[in-house]
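Secondary and tertiary structure notes
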Amino acid sequence: MSGHDHGRDHGYGQDEGHGPGSRADDHGHDHGHGAAGHSHGVSADADRRWLAIALGLIGAFMAVEVFIGVVAHSLALISDAAHMLTDAVSIVLALIAMRLAARPARGGFTYGLKRAEILSAQANGLTLLLLAVWLAYEAVRRLMDPPPVEGGLVLVTALAGILVNVAAAWCISRANRSSLAVEGAYQHILNDLFAFIGTAVAGLIVLTTGFRQADSIATLVVVALMVKAGYGLVRESGRILLEAAPAHVDPDAVGDRLVGHPPVTEVHDLHIWTITSGQAALSAHVLVEPAGDCHAVRRDLERLLAKEYGITHTTLQVDHAQDSLLTVGRVGEDPADGHCADAHGPVHRHGPHAH
C-alpha cells in the first residue's frame, strides 16, 4: 500500500534545524490527522449487537421459507430463501471483518487488518452476482414450462418475509454503514426486502388469476436488483483493493492545488488511496523554494488537505529545491534531470503541465 512513500521522513525537509534539536511538535508522527483525530472503523460492540439480532431474524425465517417454498412449488420463495442465505453469510462476514479490523497494527501488517472489511464487501458482491446468474436461468426455464404454484402460501409467506426483512434492515441501519462490510450486508437485506415485495405481488396474481408465470417474472425482477447491488459492491471494493484514489478525489486537481501553495515549486510521487472505508491516505514529495520553511509548508498542506479534501492521513516529504531545479522541464530540458529521476505519476509545477 504505497509503502515506498511511507518509508520517508514524516514531513522533514533537508535544511538546517532538522537534527535532534528540532522541536517535537515539528515531527510528523501525527501523520496530519488534524482536529478530526482517529475516527477509524466502526463502534464494534454496538454494531456487532445489531448485526447479530438481524442474523437471528434472518436465519430463523430462512429455514421456514425453504420448507414452504418446496411445498408451494414456488421458485420465487426458494430464490428469496437463497437470497436470505447470502444475507446471513454477508452478516457473518461483516462480523468477522469487524473483529479482524479492530486488531491493532503489528508485525508485517502495518495497517492492521482493516482491509478485511473490503474483502468481505467483495465476497458479498460476488455472491449476489453468482446467485443472480443461477436464479435468472431457473426463472427463464420456468417461464417456458411453469409448474403449479400455491399462490396463497406464497402470498402469506412473502408478507411475513417483508416484516422480517424490515426488522433486519432496521437493525443493520443502526450500525455504521460507512463500513463497506456493513453496507454490503445492508444491501443484501434491502434487496431481499424488494424481492419479498415482488414475491407477494406474484403470489397475489397467481392466487387471483392463475397466471403461474408471475412467479418467474418476480424472480427476474429480483435478479435485476441483485445485479445492480452486486456490481456496486464489487466496483467500490475493487477500487480500494487496486489502490485507486477515492471516487470523489481527483489526484491531478489535488496536485495542482498543492503546488499552487507558496512557496511550493513542485509536487511529485503523489499517491492517494483508501486504506479502508472512509480512510483516505496521501503521500507526496514536495519541493519548496530554497528560502522556504519546510515545516511550515508541511503543516499548511496538511491543514489544506484535511479541510478541502477530508484527507487526514498524510505523509509529506518536504525538501528544498536547488536553484538549478526551479526551471527543470520548463525550457526544453529532460524531465529526468529533475529532483526525482523516477517520479511515480505526473510532476506538478506552476503553469501548464502534462497530467
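Keep in mind the model is a prediction, meaning the values are calculated, not measured.

**A look at the pairing of strand 1 (residues 264-276)**
Buried residues dominate strand 1, accounting for 13 of its 13 residues. Sheet topology places strand 1 next to strand 2 (residues 279-288); nine bridges connect them, and they run antiparallel. Bridging from a neighbouring strand, Val264 pairs with Val288 of strand 2. Where strand 1 folds back on strand 2, the antiparallel hairpin that results is connected by two residues, among which Gly278 adopts a positive phi of roughly 75 degrees.

**Focus on unusual backbone geometry**
With omega at 5 degrees, the peptide bond leading from Pro262 into Pro263 counts as cis. Looking at the element boundaries, Pro263 is found in the loop between helix 8 (251-259) and strand 1. Even without being glycine, Asp269 reaches a positive phi, approximately 50 degrees. Within the element layout of this structure, Asp269 appears in strand 1. For Asp269, a relative accessible area of 1% corresponds to the buried category.

**Quick notes on the pairing of strand 2**
Here strand 2 lies mainly inside the structure; ten of its ten residues are buried. Judged from the eight bridges that link them, strand 2 and strand 3 (residues 313-320) form a sheet pairing that is parallel. Looking at the pairing, Val288 lines up with His320 of strand 3. Assessed by its sense of winding, the connection that carries the chain from strand 2 through helix 9 (residues 294-309) to strand 3 is right-handed.

**Some thoughts on the packing of aromatic side chains**
Summed over the entire model, instances satisfying the criterion amount to two aromatic pairs. A ring pair is formed by Trp50 and Trp170, whose centres lie 5.2 Å apart and whose planes are at 90 degrees; its orientation type is edge-to-face. Residue Trp50 is found in helix 2 (residues 44-72), and its partner Trp170 is found in helix 5 (residues 151-173); the two are separated by 120 residues along the sequence. Using a relative accessible area of 17% as the deciding quantity, one classes Trp50 as buried.

**Examining helix 6 (residues 180-209)**
Spanning 30 residues, helix 6 covers 43 Å between terminal C-alpha atoms, matching the ideal 44 Å at 1.5 Å per step. Immediately downstream of helix 6, the backbone of Gly210 shows phi near 80 degrees, a positive value.

**Details of a nonpolar patch on the surface**
The grouping of Phe194, Ile197, Val201, Ile205, Phe211, Ile217 and Val221 at the surface amounts to a nonpolar patch, some 570 Å² of accessible area in total. Mapped onto the nonpolar patch, the elements with two or more residues apiece are helix 6 and helix 7 (214-241). With four residues, helix 6 is the largest single contributor of residues to the nonpolar patch. By the secondary structure assignment, Ile197 is in helix 6.

**Points about the packing of helix 4 (residues 116-144) against helix 7**
Where helix 4 contacts helix 7, the two axes come as close as 7 Å, and the packing angle between them is 155 degrees. On the basis of the axis angle, helix 4 is roughly antiparallel to helix 7. As for the relative orientation of helix 4 and helix 7, their crossing is left-handed in sense. Grouping the constituent residues of the contact of helix 4 with helix 7 by class yields 24 nonpolar, eight polar and one charged.

**Thoughts on the sheet that holds strand 2**
One open sheet holds the four strands; their spatial order is 3-2-1-4, and the pairing between them is mixed. Of all strands in the sheet, those with a lone pairing partner are strand 3 and strand 4 (348-349), marking the two edges. Relative to strand 4, strand 1 runs antiparallel, the two sharing two bridges. Across the sheet, the residue bridging to Glu266 is Arg349, located in strand 4.

**Notes on the nonpolar core**
Judged by nonpolar contacts, the single largest core of 32 residues is most densely connected at Leu51, Ile58, Met84, Ile91, Ile172 and Ile189. Of all elements in the fold, only helix 2, helix 3 (75-101), helix 5 and helix 6 reach the threshold of two or more residues within this core. Top element by residues in this core is helix 6. It accounts for nine residues. Discounting residues that sit within four places of it in the chain, Ile189 has contacts with Ile58, Asp87, Ile91, Asn165, Ala168, Ala169 and Ile172. Of all hydrophobic cores here, the second largest spans 22 residues; its members include Leu258, Val259, Ile272 and Leu304.

**Observations regarding the pattern of salt bridges**
For the coordinates displayed, the defined rule picks out seven salt bridges. Here Arg235 ties to Glu236 by a salt bridge, and the two come within 3.2 Å at their closest N and O atoms. Given the relative accessible area of 30%, Glu236 is considered partly exposed. Residue Arg298 is joined to Glu302 by a salt bridge in which the shortest nitrogen-to-oxygen separation is 3.3 Å. Of the two residues, Arg298 and Glu302 both sit in helix 9, four residues apart, roughly one turn of that helix. The buried category is assigned to Arg298, whose relative accessible area is 1%. Judged by its relative accessible area of 9%, Glu302 is buried.

What counts, and at which threshold
Residues take numbers from 1 onward in each chain, read along the sequence in its written order. Reporting of local features is limited, given that this is a predicted model, to residues whose pLDDT is at least 70; pairs of side-chain atoms are given and counted only at 80 or more, and all residues count toward the totals for whole chains, interfaces and linings. Only hydrogens and water are set aside when side-chain values are computed; all heavy atoms of the structure are taken into account. Accessibility here uses a 1.4 Å probe with only protein chains present; expressed as a share of the type maximum, an area under 20% marks a residue as buried, one over 50% as exposed, and anything in between as partly exposed. Secondary structure is summarised from DSSP: a helix means a run of H or I of at least four residues, a strand means a run of E of at least two, and numbering begins at the N terminus for each. Whether two strands pair comes down to DSSP finding at least two bridges between them. Whether a crossover is right-handed comes down to one check: with the strands pointing away from the viewer, does the path from the first strand over the helix to the second run clockwise; if it does, it is right-handed. Note on aromatic contacts: the rings of Phe and Tyr and the six-membered ring of Trp form a pair at centre separations within 6.5 Å, being stacked when their planes are under 30 degrees apart, edge-to-face when over 60 apart, and tilted otherwise. Expected span of a helix: the number of residues minus one, times 1.5 Å. Only residues above 30% relative accessible area that lack a salt bridge enter a patch, with like-charged residues linked at up to 9 Å and the nonpolar side chains Val, Leu, Ile, Met, Phe, Trp and Tyr linked at up to 5 Å. Here the accessible surface of atoms and residues is derived via Shrake-Rupley with a 1.4 Å probe, and residues count as covered only by protein chains that are part of the display. In the sections that follow, a salt bridge refers to a side-chain nitrogen of Lys or Arg positioned within 4 Å of a carboxyl oxygen of Asp or Glu. Angles here are taken between N-to-C directions and fall from 0 to 180 degrees, while the axes themselves are lines fitted to C-alpha atoms, restricted in helices to the stretch in contact. For this classification, under 35 degrees means roughly parallel, over 145 means roughly antiparallel, 65 to 115 means roughly perpendicular, and everything else is oblique. What makes a crossing left-handed is the near helix being turned counterclockwise from the far one by less than a right angle; a clockwise turn instead makes it right-handed. Lys, Arg, Asp and Glu make up the charged group, whereas Ala, Val, Leu, Ile, Met, Phe, Trp, Tyr, Cys and Pro make up the nonpolar group; the residues left over, Gly among them, are polar. Residues belong to one nonpolar core when they are buried, are Ala, Val, Leu, Ile, Met, Phe, Trp, Tyr or Cys, and are joined through side-chain atoms within 4.5 Å. The contact definition used throughout considers only heavy atoms, calling two residues in contact when any of these lie within 4.5 Å.

Read these as spatial facts, not as claims about activity.
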